[in-house]
Amino acid sequence: MCTLTHRHAIHCILPPYILSRIAEHGSPELRGKAIRALLVDPSIRMVRATTAGPVIGSVARLRSAAGNVLTPSPLRTIRDAKGKPEAPGATVVRREGEAPTGDPAVDEAYDGLGATFALYWEAYQRDSIDDAGLPLDATVHYDQDYDNAFWDGTQMVFGDGDGELFNRFTLALDVIGHELTHGVTEREAGLAYFNQSGALNESISDVFGSLVKQKALGQDAAAADWLIGEGLFTPKVKGSALRSMKAPGTAYDDPVLGKDPQPAHMDDFVRTNQDNGGVHINSGIPNRAFYLAATAIGGNAWDRAGTIWYNALLDPNVRANTDFAGFARVTVDVAGRLYGAGSADATAVGAAWSDVGVS
Amino acid sequence: MTDEAGCGGEARMRVDGGFAHLPGRASDSCVPLERLPGDERAELTRLADAAGFFDCAPEPAVARPDARTYTIGLTIDGRSRDLQVAEPIRDPALAALVSTVRRITRERGGV
């Protein structure tokens with residue numbers, strides 16, 4: 001019956017074939033509900049079919065459990081653009097719960113979305129990008145010789161690289177975490193993608209992208225490599241990754257690509273009209289601040305340091321035009337609220353920002 | 001001026017931004033159309049016409065995270081235009097044109 005309080009009412013109203021149709025063609029919100037319903041529905045139907053009338057004991061407990069959606073889980077859909085410049089791709093190649101396809105880009109995207117969902121839920125109790133179970137969609141094999149990955153407001157889009165300088169962009173787990181985090185930032189602080197607020201937006205994606213990777217690998221702050229995009233370069237490129245949070249400006253130095261231009265300190269802040277005011281360049285400064293804070297605090301970076309940055313992102317004092325100094329103040333404030341104003345954590349965060357010249 | 005085969009024009013491309021933004025690679029590329037085989041020139045003209053490239057109203061290029069902005073330029077048969085286009089490119093015809101000009105300038109480009 002649908003008279004009881006229920007998280008997704010449509011699952012007890014609609015037959016599976018209609019749910020499938022909604023899951024395929026509905027709005028993101030309806031698709032999420034329909035997919036969840038389809039995932040839960042078989043167990044509910046089975047239990048209902050075998051429990052007509054009053055029930056007691058183990059069957060009653062099973063029936064009760066089937067009626068409740070407990071831990072949130074990701075709702076992933078991977079599409080294939082088949083080398084065309086279209087997103088979403090025309091062909092759905094893997095849905096939630098389906099087995100690996102054998103296509104590395106498809107399976108890496110699927111697993112990467114899952115690892116990112118896991119970080120946000122397990123570390124920060126955030127249920128997907130919007131904290132309301134938004135389905136996670138990705139398109140792979142976008143265009144040809146496409147050296148990029150981006151968040152288009154509704155999904156992640158991944159190219160296969162050109163094979164000469166770049167490998168496929170699903171290869172690096174932190175890239176997937178990075179792109180999804182843009183969705184989180186868009187729904188929280190809404191940092192404008194330009195100049196310092198844009199570089200901060202980029203840095204937050206690097207921070208949580210790296211934390212996705214660290215958590216998946218079980219690495220603490222001391223063991224992590226703090227590289228962004230490791231594995232994206234082909235062996236022809238002289239470089240280890242696209243960016244280094246630990247040592248900005250040292251990730252690559254290549255005759256074709258040039259030298260990693262990221263500054264590590266405000267003294268070297270780059271003023272440019274390119275790249276929306278250097279959002280991928282000056283992000284090195286807040287990136288290193290997080291690295292310094294996380295290694296000073298110690299342990300798993302996604303625990304205390306990550307919690308401070310996450311709560312700062314949600315803080316009402318962080319707005320669209322917040323700059324490095326504004327965000328720094330909020331992180332120190334949040335660390336004080338969470339762990340005490342004079343705590344080692346708050347002190348470490350303040351020192352980290354000071355070390356990169358942000359005050 | 002153009003010859004009988006429609007030569008005399010050029011394709012231009014500049015790519016800015018992207019997750020892998022590399023300042024060392026951000027430069028203008030330009031390919032004289034006479035370098036292209038006839039069928040490729042014809043395809044480029046067809047794609048430009050399909051996208052209404054020379055007539056379409058420019059949309060504001062709003063930057064999305066890690067999305068690229070393309071400055072695409074074409075001179076074909078006396079018509080010339082430079083247009084800034086930001087990803088995601090929702091118009092399939094324009095997306096196909098940008099993809100093709102990006103490929104042509106990458107493979108045959110020089111400045």
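This text follows the structure it describes.
Values in this document were obtained by computation on a predicted structure and should not be read as measured data.

**Regarding the overall build of chain A**
Counting its secondary structure elements, chain A contains 11 helices and nine strands. Expressed as a percentage of its 359 residues, the buried residues of chain A come to 54%. For chain A, restricting intrachain contacts to residue pairs at least 6 apart in sequence, the fraction spanning at least 24 positions comes to 56%. By element, 53% of the accessible surface of chain A is carried by carbon and sulfur atoms, the whole surface being about 14,600 Å².

**Let's talk about the overall build of chain B**
On a plain count of helices and strands, chain B comes out with two helices and four strands. For chain B, with 111 residues in total, the buried portion stands at 49%. Long-range contacts, defined as pairs at least 24 residues apart, comprise 65% of the intrachain contacts of chain B with a sequence gap of at least 6.

**A short note on the pairing of strand E1 (residues 10-17) of chain B**
Two faces, one strand: in a regular strand the side chains alternate between the faces of the sheet. Pairing geometry for E1(B) and strand E2 (residues 29-32) of chain B, over four bridges, is antiparallel. In the sheet register, B:Ala11 faces E2(B), and the bridge partner there is B:Val31.

**Section: the interface of chain B and chain A**
Each side of the interface is counted separately: chain B has 27 residues, and chain A has 39 residues. Summed over both sides, the interface of chain B with chain A buries roughly 2,700 Å², with 49% coming from carbon and sulfur. Among the residues of chain B in contact with chain A, B:Phe19, B:Pro65 and B:Asp66 are the three that bury the most area, contributing 25% of the side total. Run the count over chain B and chain A and you get six salt bridges.

**Thoughts on the sheet that holds strand E3 (residues 136-140) of chain A**
The strands that make up a sheet pair up through hydrogen bonds in the backbone, lying either parallel or antiparallel. All names here are of chain A. Read across the sheet, five strands follow the order E2-E1-E3-E5-E4 without closing on themselves; strand pairing throughout is mixed. Bordering the open sheet on either side are strand E2 (91-95) and strand E4 (149-151), each of which pairs with just one other strand. Sheet twist, expressed as the average angle between the axes of neighbouring strands with direction ignored, equals 20 degrees. As defined by bridge partners, strand E1 (residues 76-80) adjoins E3 across five bridges and the pair is classed as parallel. Across the sheet, residue Arg 79 finds its bridge partner in E3, namely Thr 139. Relative to the sheet, helix H4 (residues 104-124) contacts E1, E2, E3 and strand E5 (156-158), its axis offset from that of E1 by approximately 155 degrees. Seen against the sheet, helix H5 (residues 173-187) touches E3, E4 and E5 and runs at an angle of roughly 20 degrees to E4.

**Some thoughts on the pattern of salt bridges**
Inspection of the entire model under this criterion finds 26 salt bridges over all chains. B:Arg106 is the salt-bridge partner of A:Asp145, the closest N and O atoms lying 3.4 Å from each other. With one member in each of two chains, A:Asp145 in the loop between E3 and E4 and B:Arg106 in helix H2 (residues 92-108) form a pair that bridges those chains. For B:Arg106, a relative accessible area of 34% gives the class partly exposed. With a shortest N-O distance of 2.8 Å, B:Glu10 and B:Arg12 are connected by a salt bridge. Taking relative accessible area as the criterion, B:Glu10 reaches 26% and is therefore assigned partly exposed. Using a relative accessible area of 15% as the deciding quantity, one classes B:Arg12 as buried. Through salt bridges with shared partners, one network takes in A:Asp145, A:Asp162, A:Glu164 and B:Arg106.

**A short note on the environment of A:Ala344**
Tracing the backbone shows A:Ala344 in helix H11 (residues 344-355). Counting along the chain gives 48 residues from A:Ala344 to A:Ala296, while the straight-line C-alpha distance between them is 8.8 Å.

**Observations regarding the layout of surface pockets**
Rolled over the atoms, a probe sized like a water molecule indicates the empty space that remains. Residue and element names in this part refer to chain B. Estimates place the volume of the largest pocket at around 690 Å³. Among the elements of the structure, E1 and H2 are those that each provide at least two residues to the lining of the largest pocket. The biggest single contributor to the lining of the largest pocket is E1, with five residues. Residues that form the lining of the largest pocket fall into these classes: nine nonpolar, eight polar and 11 charged. By volume, the second largest pocket is sized at about 360 Å³. Lining the second largest pocket are 19 residues, and of these Glu 59, Val 85, Ala 86, Pro 88 and Leu 94 sit closest to its centre. Looking at the lining of the second largest pocket element by element, the count peaks at four residues for strand E4 (residues 79-86). Per-class residue counts for the lining of the second largest pocket are 13 nonpolar, one polar and five charged.

Calculation notes
- Residues numbered from 1 in each chain as written.
- Chains lettered and ligands numbered in written order.
- Predicted model: local features only at pLDDT ≥ 70, side-chain atom pairs only at ≥ 80, totals over all residues.
- Heavy atoms only, no water.
- Helix = DSSP H or I, 4+ residues; strand = E, 2+ residues; numbered from the N terminus.
- Buried < 20%, exposed > 50% of the residue type's maximum accessible area, 1.4 Å probe, protein only.
- Contact = heavy atoms within 4.5 Å.
- Areas by Shrake-Rupley, 256 points an atom, 1.4 Å probe, with all protein chains shown as cover.
- Pairing = 2+ DSSP bridges.
- Buried area = accessible area lost by both parts, 1.4 Å probe.
- Salt bridge = Lys/Arg side-chain N within 4 Å of Asp/Glu carboxyl O.
- Axes fitted to C-alpha atoms, helices over the stretch in contact; angles between N-to-C directions.
- 1 Å grid on protein atoms, 1.4 Å probe; cavity = no way out; pocket = protein on both sides within 12 Å on 5 of 7 lines; lining within 4 Å.
- Points joined across faces, edges and corners; volume = space filled by probe spheres on them.
- Nonpolar A, V, L, I, M, F, W, Y, C, P; charged D, E, K, R; others polar.

Note that every value here comes from positions in space, so none of it alone points to a role or purpose.
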